[in-house]
Amino acid sequence: MPKLFIPGPTEVFPAQLQAQTRSMIGHRGKEYAALHASIEERLKKIMFTKNRVFISTSSATGVIEAALKNSVKKKVLVPGNGAFSNKWAEVAEMCGIEAVRLNYEFGKAVKPEDVENALKNDSEIDAVMFTHSETSTGVLSPLKEIGAVVKKFPNVVLLVDAVSSFAATEIRVDEWGIDLLLFGMQKALALPSGLAFCSVTPEILERAKNQPQGRKGYYFNFTEWEKAAEKNNTIITPAVSLMFALDFQLDEIEKNGGIEKRWADHAEMQKITMDWAARRGIKYFSEEGFHSPGVSVLENSLGWNISELNQKLQANHNVEIANGYKDLKEKTFRIGHMGDHTAAGVRELLAWIDGLTA
Ligand SMILES: *Cc1c(COP(=O)(O)O)cnc(C)c1O
């Protein structure tokens, strides 16, 4: 199988895959509770939070839906600058929640002052659903600054999609005023897909309790989740094998210099890609100063046939990059440099691209 330099799922090392093959354990037993508690504890550490961290057997989108259903009272502000962030407004509406859109041209970053103005202009907004790294356009919007803005509005909670930024760049949940931070495991954590996580403040749990009957359903009900989490458990049979892989990977991250080292590795891989693009005369699609550390979205300024290039990369070098997302197909291409990829691996990939496009 080709090595994946795509922005999720990312390449998973054999040892992490292997960790899933431990014998199953009963999820109502002591061994499971210990595993659950230990994973939550270590996640809190790398999220820089004292809040509850839920473990959800679902993709990250499931937790987006959960976040909206449990936390939004009246209206949610959804800054949109790409395919993922725009979708969260639609998801809100599908859940019967009114979404106020703050739309940007694709490739642009969300600006804190726009969020502030939007909140000032509509006092019925009580939550912001913010996408930190917009994977379709490779934009990293300023989370810390947006956290500071939302803090000025005590009746507004900040919900953050950090799916392609968590573990790739600095995020400090408590210090930055994030009420709910969510992510999956198949991006910068470099694990198979299937579990998602979110931290929740007591305020979010309080809101969940007070939601109207029927709003939350059962599977994504934070009030039910909290009751189970108090016993280091989940309301359903969790994907235990994936938890084994996560358990292993959290230890690996710790052993290899901790989360800060992982942030630094991503910064290095990004720098290598930026230098290469500059050398080849390729522009970033994302706004200058707001490039995502885990994925470079580049303009196809040299007029390559991206799908053909990708086929050749697979056939000759057993690696795969990503074409542009949806409407950006062939207009852009994406190099995922997240997870357990290395600086050496990224250099090798870029040299192969050079060889095929010289
Ligand atoms: C990949 C991604 C998602 C979707 O995650 P799933 O686990 O497939 O639900 C959501 N948001 C962003 C920013 C992503 O990159």
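Residues numbered from 1 in each chain as written. Predicted model: local features only at pLDDT ≥ 70, side-chain atom pairs only at ≥ 80, totals over all residues. Heavy atoms only, no water.

1. Observations regarding the packing of aromatic side chains
Working step 1: If you walk through the whole model with that rule in mind, you get 11 aromatic pairs.
Working step 2: Consider the rings of F48 and W263, whose centres lie 5.9 Å apart with planes at 45 degrees: the pair is tilted. Here the residue F48 occupies a position in the loop between helix 2 (30-47) and strand 2 (52-56), and W263 occupies one in helix 10 (residues 258-280), the gap between them amounting to 215 residues.
Working step 3: Judged by relative accessible area, which is 25%, F48 ranks as partly exposed.
Working step 4: An angle of 80 degrees between the planes, with centres 5.0 Å apart, marks the rings of Y219 and F220 as edge-to-face.
Working step 5: On the accessibility criterion, Y219 (34% relative accessible area) is partly exposed.
Working step 6: Lying across the ring of F290, K111 places its NZ or CZ 5.5 Å from the centre. (Phe/Tyr/Trp six-rings, centres within 6.5 Å; stacked < 30°, edge-to-face > 60°. Helix = DSSP H or I, 4+ residues; strand = E, 2+ residues; numbered from the N terminus. Buried < 20%, exposed > 50% of the residue type's maximum accessible area, 1.4 Å probe, protein only. Lys NZ or Arg CZ within 6 Å of the ring centre and 35° of its normal.)

2. Description of the environment of A127
Working step 1: Relative to the assigned elements, A127 resides in strand 5 (residues 125-131).
Working step 2: Residue classification places A127 among the buried residues on the basis of a relative accessible area of 0%.
Working step 3: Placed 91 residues apart in sequence, A127 and H36 show a C-alpha to C-alpha distance of 29 Å.
Working step 4: Apart from residues no more than four positions distant in its own chain, A127 is found in contact with V72, K75, V76, L77, V156, V157, L159 and R207. (Contact = heavy atoms within 4.5 Å.)

3. Observations regarding the site of the ligand
Working step 1: Around the ligand sit S59, A60, T61, F84, W88, S133, T135, D161, V163, S164, Q186 and K187, and those are all the residues in its vicinity.
Working step 2: Within the side chain of T61, a nitrogen or oxygen atom sits 2.5 Å from an oxygen atom of the ligand.
Working step 3: Within the complex, the protein chains bury 87% of what would otherwise be the 390 Å² of accessible surface of the ligand.
Working step 4: Only helix 3 (60-71) and helix 4 (83-94) provide two or more residues apiece to the shell around the ligand.
Working step 5: Partitioning the shell around the ligand into residue classes produces 4 nonpolar, 6 polar and 2 charged. (Near = heavy atom within 4 Å. Polar contact = N/O pair within 3.5 Å; in protein donor to acceptor, adjacent residues only side chain to side chain. Areas by Shrake-Rupley, 256 points an atom, 1.4 Å probe, with all protein chains shown as cover. Nonpolar A, V, L, I, M, F, W, Y, C, P; charged D, E, K, R; others polar.)

4. Comments concerning the sheet that holds strand 13 (residues 322-323)
Strand pairing in a sheet relies on backbone hydrogen bonds. The paired strands run either parallel or antiparallel.
Working step 1: Read across the open sheet, the 3 strands follow the order 11-14-13; overall the sheet is antiparallel. One side of each edge strand has no neighbouring strand; the edge strands of this open sheet are strand 11 (295-299) and strand 13.
Working step 2: With 2 bridges joining them, strand 13 and strand 14 (residues 332-336) adopt antiparallel strand pairing. Considered in strand 14, the bridge of A322 is made with R334. (Pairing = 2+ DSSP bridges.)

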